[in-house]
Amino acid sequence: MSSSPRKKVAILGATGVAGQQFLVALENHPWFELAALGASERSAGKPYRAAITEASGQQRWVCEEPLPEAFASLPVVDAATLDPRGFDLVFSAVESDAARKLEERFAPHVPVISTSAAFRYEDDVPILVPGVNHEHAPLLKRQQRERGWKGFVAPIPNCTTTGLVVALAPLARRFGLRSVIMTSMQALSGAGRSPGVHSMDILDNVIPFIPKEEDKVARESAKILGSLEGDRILPLALPVSAHCNRVNVRDGHTECVSAGLGRPAPLDEVRDALRSFGRDFVDLGLPSSPPELCRVLEDPYRPQPRIDRMTNDGMTAVVGRLREDPVLPNGVKFVVLSHNTKLGAAKGATLVAEYLVHRGLA
Ligand SMILES: NC(=O)c1ccc[n+]([C@@H]2O[C@H](COP(=O)([O-])OP(=O)(O)OC[C@H]3O[C@@H](n4cnc5c(N)ncnc54)[C@H](OP(=O)(O)O)[C@@H]3O)[C@@H](O)[C@H]2O)c1
């Protein structure tokens, strides 16, 4: 199932928080060869290590893993000047407005897997979460046909939506899903570095507002959990009430979720639905796939971001505190944690790319 020879890929936004995680996800990748690092004109013209180093000498490498030596001396190029025809696939990790222009330039020629929101809400664009809604992927063919593109834009969701839908999809499939209330405690890395969150704002504090986030979570969850009917996605009729908060945690979004199910469900059955979810997908054995999509813990003090975010290299959503919710009809409630820059950004997007290659779509 491997693609041989390796596909030449570029990263747009390689110097940012998500972009750096792409360097880690692509180091020694069996199918993808990193051929170019794009960023803004601010970083262009320097070797990668110099591009992420401040004038003060501070190196702004934010991943836990070391900067892959093989990439440290590659030149950073102004993404707007890269020739799309030079690549087999492109990963985009740029803020939405800039991403829109760049992705529109690349997608006519080459598949673009994007962490940005630029195209997420368009009718011919699936929002892909590996193992959750990969059956939406054929919608990309409509995108190519109608836009006359050889490539496409395939976005992943907002990083808060990702962990949520990994936990909700098994419930929706087995029991039906009527309503969701979610309160997030979102990590600082989710805000990126430009401008990011200032330490003076977040130390000793919780910030109860993240612009556009609650609307994104509601809209994207309904689309991802919806069904592909012919050439369009029918969103799930699912009211989602989201409260999104920024907390003083480096990586890993924690979400307290109450879900009203379509029928009464004993907690053991809910546990089983979560644990067994996605076996067919992980059995594909894709290079970045975790061995389990969702892990359920019994310790009432877990999941915790510091302890659990790196479960299966940050690619497994971790659920805990599963119990009945007495307020919602057929209600259950739980906590779900997912790594926002691994599953929720670069490594998740890499897994999407692997799936599309596996399906012959990219
Ligand atoms: N952080 C997360 O957890 C996360 C998770 C999921 C999705 N996302 C999405 O991923 C995207 C990137 O987020 P981030 O957190 O990595 O942001 P970030 O740390 O601020 O990085 C932004 C990146 O975009 C580049 N860039 C900015 N303007 C550009 C332009 N006009 N042309 C080319 N490159 C440009 C920057 O290059 P310079 O260094 O040269 O300025 C930098 O590499 C956003 O759309 C975000 O919503 C982020």
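Note that the coordinates shown come from a computational prediction; the quantities given were computed from them, not determined experimentally. (Residues numbered from 1 in each chain as written. Predicted model: local features only at pLDDT ≥ 70, side-chain atom pairs only at ≥ 80, totals over all residues. Heavy atoms only, no water.)

**Some thoughts on the confidence of the model for the protein**
Stated formally: pLDDT measures the predictor's confidence residue by residue and takes values from 0 up to 100. Where helices and strands are cited, they refer to DSSP runs of H or I of at least four residues and of E of at least two residues respectively, numbered from the N terminus.
Per-residue pLDDT for the protein averages 97, and the proportion of residues at 70 or more is 99%. For the protein, the element scoring lowest by mean pLDDT is helix α7 (residues 199-202), at 96; strand β11 (residues 253-261) scores highest, at 99.

**Looking at helix α12 (residues 346-358)**
Counted only if it meets this: One less than the residue count of a helix, multiplied by 1.5 Å, gives the span that helix is expected to have. Using a 1.4 Å probe on the protein chains alone, a residue whose accessible area is under 20% of its type maximum counts as buried, one over 50% counts as exposed, and one in between counts as partly exposed.
Over its 13 residues, α12 runs 18 Å from end to end, which matches the ideal 18 Å to within 8%, given 1.5 Å per residue. Buried residues dominate α12, accounting for 12 of its 13 residues. Among all positions of α12, only A346, K347, G348, A349, T350, L351, V352, A353, E354, Y355, L356 and V357 are buried. Of the residues trailing α12, G360 is marked for its positive phi of about 75°.

**Observations concerning the pairing of strand β7 (residues 177-186)**
Counted only if it meets this: Note on pairing: DSSP must find at least two bridges between two strands before they are called paired.
Two elements, β7 and β11, share eight bridges in a ladder whose sense is antiparallel. Within the sheet, the bridge partner assigned to M182 lies in β11 and is V257. For β7 and strand β10 (residues 240-246), the ladder comprises seven bridges, and the chain directions are parallel. Bridged to M182 within β10 is A242.

**A closer look at the site of the ligand**
Where we set the bar: If even one non-hydrogen atom of a residue comes within 4 Å of a molecule or strand, that residue is called near it. The definition of a polar contact used here is a pair of N or O atoms within 3.5 Å, where within protein one atom must be able to donate a hydrogen and the other to accept one, and adjacent residues in sequence count solely through side-chain atom pairs. Per-residue accessibility takes into account occlusion by the displayed protein chains alone, with areas from the Shrake-Rupley method and a 1.4 Å probe. Residue polarity is assigned by list, with Asp, Glu, Lys and Arg as charged and Ala, Val, Leu, Ile, Met, Phe, Trp, Tyr, Cys and Pro as nonpolar; anything else, Gly included, falls into the polar class.
Taken together, 28 residues surround the ligand, and among them T15, S40, R42, S43 and S194 come closest. The separation between an oxygen atom of the ligand and a polar side-chain atom of R42 is 2.8 Å. Out of a free accessible area of 900 Å², the ligand has 83% covered by protein chains. Among the secondary structure elements, those contributing two or more residues to the shell around the ligand are α1 (17-26) and α4 (96-106). Tallied by class, the residues present in the shell around the ligand amount to 11 nonpolar, 14 polar and three charged.

**Remarks on unusual backbone geometry**
Most peptide bonds adopt trans geometry, and most residues besides glycine take a negative phi value. In this model, S194 is joined to P195 through a cis peptide bond whose omega is 5°. Tracing the sequence through the fold places P195 in the loop between β7 and α7. Cis geometry marks the peptide bond from R302 to P303, where omega comes out at 5°. Checked against the element boundaries, P303 lands in the loop between β12 (294-296) and α11 (305-308). Even without being a glycine, K212 presents a positive backbone phi close to 70°. Among the structural elements, K212 can be located in the loop between α7 and α8 (213-224). Residue classification places K212 among the exposed residues on the basis of a relative accessible area of 64%.

**Let's talk about the pattern of salt bridges**
Let me state the cut-off plainly: Whenever Lys or Arg places a side-chain nitrogen within 4 Å of a carboxyl oxygen from Asp or Glu, that contact is recorded as a salt bridge.
In this structure the tally under the stated criterion is 22 salt bridges. Here D272 and R174 are joined by a salt bridge, their closest N and O atoms 2.9 Å apart. Note that D272 is positioned in helix α9 (residues 267-276) and R174 in helix α6 (residues 159-175), a separation of 98 residues in sequence. On the basis of relative accessible area, D272 is assigned to the partly exposed category, the value being 39%. You can call R174 partly exposed: its relative accessible area is 32%.

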